Amino acid sequence: MSTSSSSQPRAAITAMGHFLPEKRLTNADLEQIVDTDDEWIRTRTGIEERRILDDPDKATAYMASQAAEELFQKHDIDPATIDLIIVATITPDMEFPSTACLVQDSIGAQNAWGFDLAAACSGFLFALTNGASFIESGRAKRVLVIGADTMSAITDYEDRSTCILFGDAAGAVLLEPHDTYGLQDTVHYSDGAHADLLTLPAGGSLNPASHETVDQRLHYLKQDGRPVFRHAVTGMADVCVEIMERNDLTGDDVDFLVPHQANKRIIDATANRMGLSSDKVMLNIHRYGNTTAATVPLCLNDWQAELKPGHNLVLTTFGGGLTWGASYLTWAYDGAEYDS
Ligand code: COA
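In short, a report on the structure. Only a predicted model underlies this, so the values are computations on that prediction, with no experimental measurement involved.

The number of helices and strands found in the protein chain is eleven helices and 14 strands. Since a compact globule built from 340 residues should have a radius of gyration of about 20 Å, the 19 Å found for the protein chain is in line with a globular shape. For the protein chain, the C-alpha atoms occupy an extent of roughly 55 × 45 × 40 Å along the three principal directions. Taken across its 340 residues, the protein chain has 54% of its residues classed as buried. Per element, the accessible surface of the protein chain, about 14,200 Å² overall, is 47% carbon and sulfur.

The next subject is the environment of Asn301. Among the secondary structure elements, Asn301 is positioned in helix H11 (residues 295-302). Exposure remark for Asn301: the relative accessible area of 6% places this residue in the buried category. Sequence spacing of Asn301 and Ala28 is 273 residues, and the spatial spacing of their C-alpha atoms is 27 Å. Those residues in contact with Asn301 that sit more than four places away from it in its chain are Met16, Gly17, His18, Glu70, Ala172 and Asp339.

Another aspect to go through is the site of the ligand. Around the ligand sit 23 residues in total, of which Thr36, Arg44, Arg160, Arg226 and Asn263 are the nearest. A distance of 2.7 Å is found between a nitrogen atom of the ligand and a side-chain nitrogen or oxygen belonging to Thr36. Contacts to the ligand include Asn263, whose side-chain N or O atom sits 2.7 Å from an oxygen atom. The fraction of the free accessible surface of the ligand (970 Å²) that becomes covered by protein chains is 76%. Every element with two or more residues in the shell around the ligand is listed here: helix H2 (38-45), helix H6 (160-163), helix H8 (225-246), helix H9 (264-274) and strand S13 (312-319). Ranked by residue count, the leading element in the shell around the ligand is H8, at four residues. The residue inventory of the shell around the ligand, partitioned by class, reads nine nonpolar, nine polar and five charged. Two domains each provide a minimum of three residues to the shell around the ligand, namely domain 1 (10-180) and domain 2 (184-337).

Now for the nonpolar core. Ile13, Val143, Leu300, Leu313 and Trp331 are the most contacted members of the largest nonpolar core, which has 36 residues in total. Taken together, the elements giving at least two residues each to this core come down to strand S2 (10-19), strand S5 (84-88), helix H5 (123-136), strand S7 (143-150), strand S8 (168-178), strand S12 (256-259), H11 and S13. Each of domain 1 (10-180) and domain 2 (184-337) contributes no fewer than three residues to this core. Contacts of Trp331, omitting those with residues within four sequence positions, involve Ile13, Met16, Tyr181, Leu300, Leu307, Lys308, Pro309, Gly310, His311 and Leu313. Formed by 25 residues, the second largest nonpolar core is a distinct cluster that contains Ile82, Val87, Val103 and Ala148.

We now examine the packing of helix H3 (residues 60-75) against helix H4 (residues 99-107). With their axes 9 Å apart at the nearest point, H3 and H4 run at an angle of 45 degrees to one another. Between H3 and H4, the interaxial angle falls into the category oblique. In the crossing of H3 with H4, the sense of the turn from one axis to the other is right-handed. Only Thr99, Leu102, Val103, Ser106 and Ile107 of H4 make contact with H3, whose side of the interface consists of Thr60, Ala61, Ala64, Ser65, Ala68, Glu69 and Phe72. When grouped by side-chain class, the residues that make up the contact of H3 with H4 number seven nonpolar, four polar and one charged.

Taken together, the side chains of Arg44, Arg226, Arg230 and Arg265 define a basic patch exposed on the protein surface. With a relative accessible area of 53%, Arg230 lands in the exposed category.

Turning to the sheet that holds strand S6 (residues 113-117), a few remarks are in order. Whenever strands of a sheet pair, they do so through backbone hydrogen bonds, lying parallel or antiparallel. One open sheet holds the five strands; their spatial order is S2-S8-S7-S5-S6, and the pairing between them is mixed. Single-partner strands in this sheet number two, and they are S2 and S6. Neighbour-to-neighbour, the strand axes of the sheet open up by a mean angle of 20 degrees, direction not taken into account. In terms of strand pairing, S7 meets S8 through eight bridges, oriented antiparallel. Considered in S8, the bridge of Leu144 is made with Leu174. Where H3 meets the sheet, it contacts S2, S7 and S8, and its direction lies at approximately 115 degrees from that of S2.

By the secondary structure assignment, Thr150 is in strand S7. Side-chain polar atoms of Thr150 contact the side chain of Thr60, separated by 2.7 Å. With residues near it in sequence (within four places) discarded, Thr150 still touches Leu53, Ala59, Thr60, Met63, Thr91 and Asp168.

Cut-offs applied
Residues numbered from 1 in each chain as written. Predicted model: local features only at pLDDT ≥ 70, side-chain atom pairs only at ≥ 80, totals over all residues. Heavy atoms only, no water. Helix = DSSP H or I, 4+ residues; strand = E, 2+ residues; numbered from the N terminus. Rg over C-alpha atoms; globule rule 2.2 N^0.38 Å. Buried < 20%, exposed > 50% of the residue type's maximum accessible area, 1.4 Å probe, protein only. Areas by Shrake-Rupley, 256 points an atom, 1.4 Å probe, with all protein chains shown as cover. Contact = heavy atoms within 4.5 Å. Near = heavy atom within 4 Å. Polar contact = N/O pair within 3.5 Å; in protein donor to acceptor, adjacent residues only side chain to side chain. Nonpolar A, V, L, I, M, F, W, Y, C, P; charged D, E, K, R; others polar. Domains from an automatic or database assignment. Core = buried A, V, L, I, M, F, W, Y, C linked by side-chain atoms within 4.5 Å. Axes fitted to C-alpha atoms, helices over the stretch in contact; angles between N-to-C directions. Parallel < 35°, antiparallel > 145°, perpendicular 65-115°, else oblique. Left-handed = near helix turned anticlockwise from the far one by under 90°. Patch = residues over 30% accessible without salt bridge, like charges linked within 9 Å, V, L, I, M, F, W, Y side chains within 5 Å. Salt bridge = Lys/Arg side-chain N within 4 Å of Asp/Glu carboxyl O. Lys, Arg positive; Asp, Glu negative; His and termini not counted. Charge placed at Lys NZ, Arg CZ, Asp CG, Glu CD. Pairing = 2+ DSSP bridges.

Encoded structure:
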C-alpha cells in the first residue's frame, strides 16, 4: 500500500515521550542463562544490553501510560484534549480490553477513544499512518500514537537464538494538523506467505492455552532468524530507496534515517543503499535491543535535541507478518527546547 497526501493538511509530530524500565539485562547476564557470549551477540546483532520490566503488577499499558505522561508533562498538554489513542503492540496486557482502553483510563484522556494495532515490529509505522489519516481527514485534531512492547513476557529465556534480541520499552508521539510539516508519504507492505518465519504460536484462537501448549513452550516467540534476516535486509533497503525515489530525495537530502532496531547489520545495509553516512543514522540498539513497536519512537526521543523544523526524516521498519514499510516525514518543532 502506498499513499501520498499532497493536497490534504499534514499530520505532524508535535510532542514526544518515552519510558524505559530500570532493570538492565546485559550480554554478561545472558552468558549466565544460555550458551552464548558477549562477542557473538555484539558482532552478530550490535546489542550490548536491554531493559526488562521487572514488576509482576505492571505490563505494556503501564509503560505506554508512562510514555504518554512524559509527553504531557514536557509539552504541557492536557490529556482531556486527546481525541484518539492508537497503541501499537503485540504484547497487550490481555487479549481484551485493548491496551488503548487501559491507557485511556490511566492517563485521564476522558474524551479519547482508542484501539490497538498489531503489526509486530512494523506496528509503530503502521499506527503512525493510521493516526495521520484521522488528522488529514479532519476526524481528529490530537492523536496519541504509542509503540509499546513487553517482549520479556513472550521471550523464551531457554532459546539463545531469540532471548538475546529483545527488550521492553514504550515511546509516544502526538500528531496534530500542520500547514507545512508532517507526514509526507508512506509505503507499507505485508506478505503473509512468510507468516511462519516469526510467530507466537499459542494463546490465540487456533491454539488456545492448554497444558500441551505450555509444555511445548508455544507461548513464546519463535523465529527462523536466517531467512528473516535475508528478507529484512532487502525489504528495508528496497522500501527506503522506493520512498526516496518517489519524493526525489537523494542521500544528501535526508537528515536522519530512523530505522527499526532489530540488527545493526540490517541497519548498516539499509543506510548504505540510501547513500547515508553513519552520523545520519539513529542507532540505539546497543542500549535497548529490539523493543518491537517501541524502537522508532525511542530513537526519535533519543535524538530529540538534534531535530529541527524542516529536517527530512525517513522512518523504516521490518517485522513479523511479514510486514515492512517506510515513511517520509518533515520535522515540525525545535526538539532542543524539550530535551532534558
Ligand atoms: N550465541 C551463540 N551462538 C548462537 C546464538 C547465540 N545467542 N544464537 C545462535 N547461535 C549459533 C547458531 O546455533 C549457529 O550455529 P551453527 O552454525 O553451529 O548452526 C550460528 O550461531 C549461526 O546462527 P545464525 O542463526 O545463522 O546466525 P545469524 O548470523 O543469522 O544471526 C540473528 C542470528 C537472529 C541475530 C539474525 O538471524 C537476525 O538478526 N535475524 C533477523 C532478526 C530480525 O530482523 N527480525 C525481524 C524483526 S523482529
